[in-house]
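Residue-level listing of the chains:
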Amino acid sequence: MEKTTATPFAKPLYVMLKPASSHCNMACEYCYYLEKKHLYEDGNHHLMSDEMLEYFTKEYIEAQTMDSVLFTWHGGEPLMRPLDFYKKAMALQRKYACGRHIDNVLQTNGILLTDEWCEFLAQNHWLVGISIDGTQDMHDHYRHTASGKPSWEQVMHGIELLKKHHVEWNAMAVVNDYNVEHPLEFYHFFKEIGCQYLQFTPIVERIVKTKEGSRLASLRNREDELGFKAEDYELASLTDNDDKLARLRTDTALSNSSITPEQWGNFLCTIFDEWVRHDVGHIFVEIFDCTLANWVGVAPGICAYGKECGHAGVMEYNGDVYSCDHFVFPEYKLGNVMEKSLIEMLYGEKQQAFSRLKHASLPRQCKECDMEFACHGECPKNRFEVDRYGEWGLNYLCRGYYQFYTHVAPAMDFMKRELQAGRAPANIMRAL
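Residues numbered from 1 in each chain as written. Predicted model: local features only at pLDDT ≥ 70, side-chain atom pairs only at ≥ 80, totals over all residues. Heavy atoms only, no water.

A few points about helix α3 (residues 115–123)
An α-helical turn contains 3.6 residues, so a residue and the one three or four places further along point in the same direction.
So, step 1. Every buried residue of α3 is listed here: Trp-117, Cys-118, Phe-120 and Leu-121. The arc enclosing the buried residues of α3, seen along the axis, measures out at 155°, which places them on a common side. Across α3 from its buried face, at more than 90 degrees, point the exposed residues Glu-116 and Gln-123.
So, step 2. Those residues of α3 that are buried are in contact with α2 (83–96), β3 (101–108), β4 (127–131) and α5 (152–164).
So, step 3. One or two steps after α3, the chain reaches His-125, where phi turns positive at roughly 60°. (Buried < 20%, exposed > 50% of the residue type's maximum accessible area, 1.4 Å probe, protein only. Helix = DSSP H or I, 4+ residues; strand = E, 2+ residues; numbered from the N terminus. Arc of directions from axis to C-beta. Contact = heavy atoms within 4.5 Å.)

Here's the deal with the environment of Thr-201
So, step 1. Counting through the fold element by element, Thr-201 comes out in strand β6 (residues 197–202).
So, step 2. Its relative accessible area of 22% is what places Thr-201 among the partly exposed residues.
So, step 3. In this structure, the C-alpha to C-alpha distance between Thr-201 and Val-175, residues 26 residues apart in sequence, is 5.7 Å.
So, step 4. Beyond its immediate sequence surroundings of up to four residues, Thr-201 is in contact with Met-172, Ala-173, Val-174 and Val-175.

Some details on the packing of aromatic side chains
The geometry of two aromatic rings is summed up by the distance between their centres and the angle between their planes.
So, step 1. In total, this model carries 37 aromatic pairs according to the counting rule given.
So, step 2. Seen from their ring centres, Tyr-40 and Tyr-317 are 5.2 Å apart, and the 85° between their planes marks the pair as edge-to-face. A residue pair is termed long-range when its members are at least 10 positions apart, and Tyr-40 in the loop between β1 (14–17) and α1 (50–63) and Tyr-317 in the loop between β10 (312–315) and β11 (320–322) qualify at 277 residues. Across the pair, exposure class does not vary: Tyr-40 and Tyr-317 are buried alike.
So, step 3. Ring centres 5.1 Å apart and planes at 10° place the aromatic pair Tyr-197 and Phe-284 in the stacked group. Residue Tyr-197 is located in strand β6, and its partner Phe-284 is located in strand β9 (residues 284–285); the two are separated by 87 residues in the primary sequence.
So, step 4. Stacked on the ring of Tyr-33, the Lys or Arg Lys-18 has its end atom at 3.8 Å from the ring centre.
So, step 5. Just above the ring of Tyr-389 sits the side chain of Arg-364; from NZ or CZ to the centre is 3.8 Å. (Phe/Tyr/Trp six-rings, centres within 6.5 Å; stacked < 30°, edge-to-face > 60°. Lys NZ or Arg CZ within 6 Å of the ring centre and 35° of its normal.)

Comments concerning the confidence of the model for the chain
So, step 1. Mean pLDDT over the chain: 89, with 87% of residues reaching 70 or higher.
So, step 2. Counting interchain partners and residues more than four positions distant, the pLDDT-below-50 stretch residues 1–10 has 23 contacts.
So, step 3. A low-confidence stretch, residues 221–242 (pLDDT under 50), is modelled with 34 contacts involving residues beyond four sequence positions or located in other chains. (pLDDT = per-residue confidence, 0-100.)

Quick notes on the environment of Ile-203
So, step 1. You can see Ile-203 is positioned in the loop between β6 and β7 (206–207).
So, step 2. On a C-alpha basis, the gap between Ile-203 and Asn-382 in space is 9.6 Å, while along the polypeptide they are 179 residues apart.
So, step 3. Not counting residues up to four positions away in its chain, the partners in contact with Ile-203 are Tyr-30, Val-174, Val-175, Asn-176, Ser-255, Ser-257, Ser-258 and Ile-259.

Section: the pattern of salt bridges
Should the charged atoms of two oppositely charged side chains come close, the side chains can pair.
So, step 1. Counted according to the given criterion, the structure contains 14 salt bridges.
So, step 2. Linking Glu-54 and Lys-95 is a salt bridge whose minimum nitrogen-to-oxygen distance equals 3.1 Å. On the criterion of sequence distance, the pair formed by Glu-54 in helix α1 and Lys-95 in helix α2 is long-range, its members being 41 residues apart.
So, step 3. Residue Glu-54 is classed as partly exposed on the basis of its relative accessible area of 27%.
So, step 4. Between Lys-191 and Asp-279 there is a salt bridge whose closest N-O contact spans 3.1 Å. Taken as a pair, Lys-191 in helix α6 (residues 183–192) and Asp-279 in the loop between α10 (261–278) and β9 lie far apart in primary sequence, 88 residues in all.
So, step 5. Overlapping salt bridges, with partners in common, bring together Arg-364, Glu-368 and Arg-388 in one network. (Salt bridge = Lys/Arg side-chain N within 4 Å of Asp/Glu carboxyl O.)

Here it is as structure tokens:
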């Protein structure tokens, strides 16, 4: 079918690419993406073809209404594709750029990095995100190679190669039940290795068993058991406290690596107290930046802390597009890029409803909360608890977030006043 790329939406359109699908050279015990192999039946050949790469590149660039275009390469492990694949990607970006500025971001476990890879990344100004969970003991607790061996030393070697070739990099650290108990040791490690940009991702995963072989729960995966379709409870009034809605507080178990709300709150408060006294303006911690953004009324850079989500879709190796990286389930599939345009899918009613639902489905406790503006209920994937009024949809980590936001409120108020006066938020370090 003929597809149009005209759009009235003057905002960036983001799609995270999975060029090697869920393929990975590691087998981290808490990984949420390895099991996505069950979505497809064609064995181990889940690799993006050159034809799909070119088709997507052309469509993605043409769909943009801004002068800048961002390509995000994710996995699995995107370096399971050879360097030549990414050289082709760069050539295609230049071919279809039409004067636009193009950036590339790569999220990797770092094990496959070499001098040749880092030379390519440096020459083409790619930003690299490295997945590392802290010290050797913390990291190797859950992050093993596919053969079951520790991986920290190989990841650190990859980081040293990035530094050697002056590649810009940041760290994405998963916070699990093990490292969450050592916040200062965790934070000091990243300072010691020269990390200036740090993102925390808390582990909250519910375990189920499905006939397809997957084990992680989707918010919709109990439709058959509950006896009604997902759209029924999506559009229902949560204030009705219907028995079926109440049952959506699933009795599925949390994974062993998941953290508790109290652990999350203590972890964030402890690191914030260290950061706010010594590192404001020198080390950038994503959740602290997002908190300050919400405090001053600016949209945060991460959808989890925004009022709405759904601004960044995900495309699998075969062109299937999903609503979000944490919602790669059949029920959240928007279509295939060979059959629908990216604009149809990402600006279509199904994705817009997904986006609006984040705020619309907040339970009463959230709507009454004096800190709702700071978290907006966080990621919908974690909203499976019942609030104090019996309404479903409270974030599992709510107590931890509330502890954090009330703890940092005086500091955020100070930094907000500094920004409004045209001064640096880092002045808080002198004030403290």
